[in-house]
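Analysis of the macromolecular model
Chain residues, written in single-letter form:
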Amino acid sequence: TTYTYRFFCQTWPQLTHFAVVDGREVGAVVGKVEPRGGTYRGYVAMLVVERQLRGRGVGKALVRRVVDTMAEMGVEEVVLEAECTNTGALRLYADLGFVRDKRLVKYYLNGGDAFRLKLLLPLEGVIAVPEGLLSGEAPAVPPTAGPV
């Protein structure tokens with residue numbers, strides 16, 4: 001509803017972004033960030049792009065921008081829902097690294113199902129991957145002090 005999106009825009013204005021072409025708003029993304037289990041979770045509440053501009057990277061740019069903002073805020077994961085039948089949206093999110101987390105049966109008021117999609121963001125200060133591990137080489141294993 002309009003009230004819901006107004007609430008998002010007023011509460012998390014830094015997570016509301018617009019795409020403008022020739023001085024006209026042609027797309028928008030709205031999100032929020034909330035604490036969850038000692039970390040922060042981002043949520044993409046809405047993405048809309050004018051029909052004639054879909055498939056041209058506008059939506060992808062908007063989602064990248066809101067996800068980048070969320071990452072700067074310390075978010076560790078971003079979630080959203082997309083209709084199971086919305087192949088364009090599912091492809092867009094998959095291209096950005098989102099994966100299907102679960103199917104939500106009869107999620108929408110029209111009785112349609114949704115997929116909950118999730119994107120895990122890299123964390124600052126995590127333990128580095130040992131050199132060579134990504135190239136297929138076996139990592140060096142320190143000797144143990146006795147039987148394991």
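Please refer to the structure higher up on the page.
Reading guide: rules and limits
Residues numbered from 1 in each chain as written. Predicted model: local features only at pLDDT ≥ 70, side-chain atom pairs only at ≥ 80, totals over all residues. Heavy atoms only, no water. Pairing = 2+ DSSP bridges. Helix = DSSP H or I, 4+ residues; strand = E, 2+ residues; numbered from the N terminus. Axes fitted to C-alpha atoms, helices over the stretch in contact; angles between N-to-C directions. Salt bridge = Lys/Arg side-chain N within 4 Å of Asp/Glu carboxyl O. Buried < 20%, exposed > 50% of the residue type's maximum accessible area, 1.4 Å probe, protein only. Arc of directions from axis to C-beta. Contact = heavy atoms within 4.5 Å. Core = buried A, V, L, I, M, F, W, Y, C linked by side-chain atoms within 4.5 Å. Parallel < 35°, antiparallel > 145°, perpendicular 65-115°, else oblique. Left-handed = near helix turned anticlockwise from the far one by under 90°. Nonpolar A, V, L, I, M, F, W, Y, C, P; charged D, E, K, R; others polar.

**A word on the pairing of strand S2 (residues 24-36)**
In terms of strand pairing, strand S1 (residues 16-21) meets S2 through 6 bridges, oriented antiparallel. Bridge pairing links valine 20 to glutamate 25 in S2. Joining the antiparallel neighbours S1 and S2 is a turn of 2 residues, in which aspartate 22 adopts a positive phi near 50 degrees. With 10 bridges connecting them, S2 and strand S3 (residues 39-49) associate as antiparallel partners. Bridged to arginine 36 within S3 is threonine 39. Connecting S2 to the antiparallel partner S3 that follows it, the hairpin turn spans 2 residues, and glycine 37 within it adopts a positive phi of roughly 55 degrees.

**Brief notes about the sheet that holds strand S6 (residues 114-120)**
On the basis of which strands lie adjacent, the open sheet formed by 6 strands has the order S1-S2-S3-S4-S6-S5 and mixed pairing. The strands lining the two open edges of the sheet, one partner per strand, are S1 and strand S5 (99-104). Taking each pair of neighbouring strands and ignoring which way they run, the sheet shows an average axis angle of 25 degrees. One ladder, built from 7 bridges, connects strand S4 (residues 77-83) with S6; its direction is antiparallel.

**Regarding the pattern of salt bridges**
Once their charged atoms are close, side chains differing in charge can pair, the charge on each being opposite to the other. In this structure the tally under the stated criterion is 9 salt bridges. Here glutamate 77 and lysine 118 are joined by a salt bridge, their closest N and O atoms 3.6 Å apart. In this pair, glutamate 77 is assigned in strand S4 and lysine 118 in strand S6, connecting sequence segments 41 residues apart. Connected through salt bridges with shared partners, the residues Arg36, Arg41, Glu77, Asp101 and Lys118 form a single ionic network.

**Focus: helix H3 (residues 87-95)**
Taken residue by residue, H3 has Ala89, Leu90, Leu92 and Tyr93 as its buried positions. Looking straight down H3, one finds that the buried residues subtend no more than 160 degrees of arc, so they occupy a single side. Structural note: H3 exposes Thr87 and Arg91 on the side pointing more than 90 degrees away from its buried face. As for H3, its buried residues are in contact with S3, helix H2 (58-72), S4, S5 and S6. Count one or two residues on from H3 and you reach glycine 97, which has phi positive near 100 degrees.

**Here we look at the nonpolar core**
Within the largest apolar cluster, 35 residues are counted, with the highest numbers of intra-cluster contacts made by Val67, Met70, Val78, Tyr93, Phe98 and Leu117. Taken together, the elements giving at least two residues each to this core come down to S2, S3, H2, S4, H3 and S6. The contacts of valine 78, once residues within four sequence positions are left out, are Gly42, Val44, Val67, Met70, Phe98, Leu117, Lys118, Leu119 and Leu121.

**Regarding the packing of H2 against H3**
In contact at an axis separation of 10 Å, H2 and H3 are set at 50 degrees when each is read in the N-to-C sense. When the axis of H2 is compared with that of H3, the two are oblique. For the pair H2 and H3, the crossing hand works out as right-handed. From H2, Gly59, Lys60 and Val63 reach across to H3, where they touch Leu92, Tyr93 and Asp95. Its residues assigned to classes, the contact of H2 with H3 comprises 3 nonpolar, 1 polar and 2 charged.

**Quick word on the pairing of S6**
With 6 of 7 residues buried, S6 lies mostly within the body of the structure. The pairing of S5 with S6 spans 5 bridges and is classified as antiparallel. Directly across from arginine 100, in S6, lies its bridge partner leucine 117.

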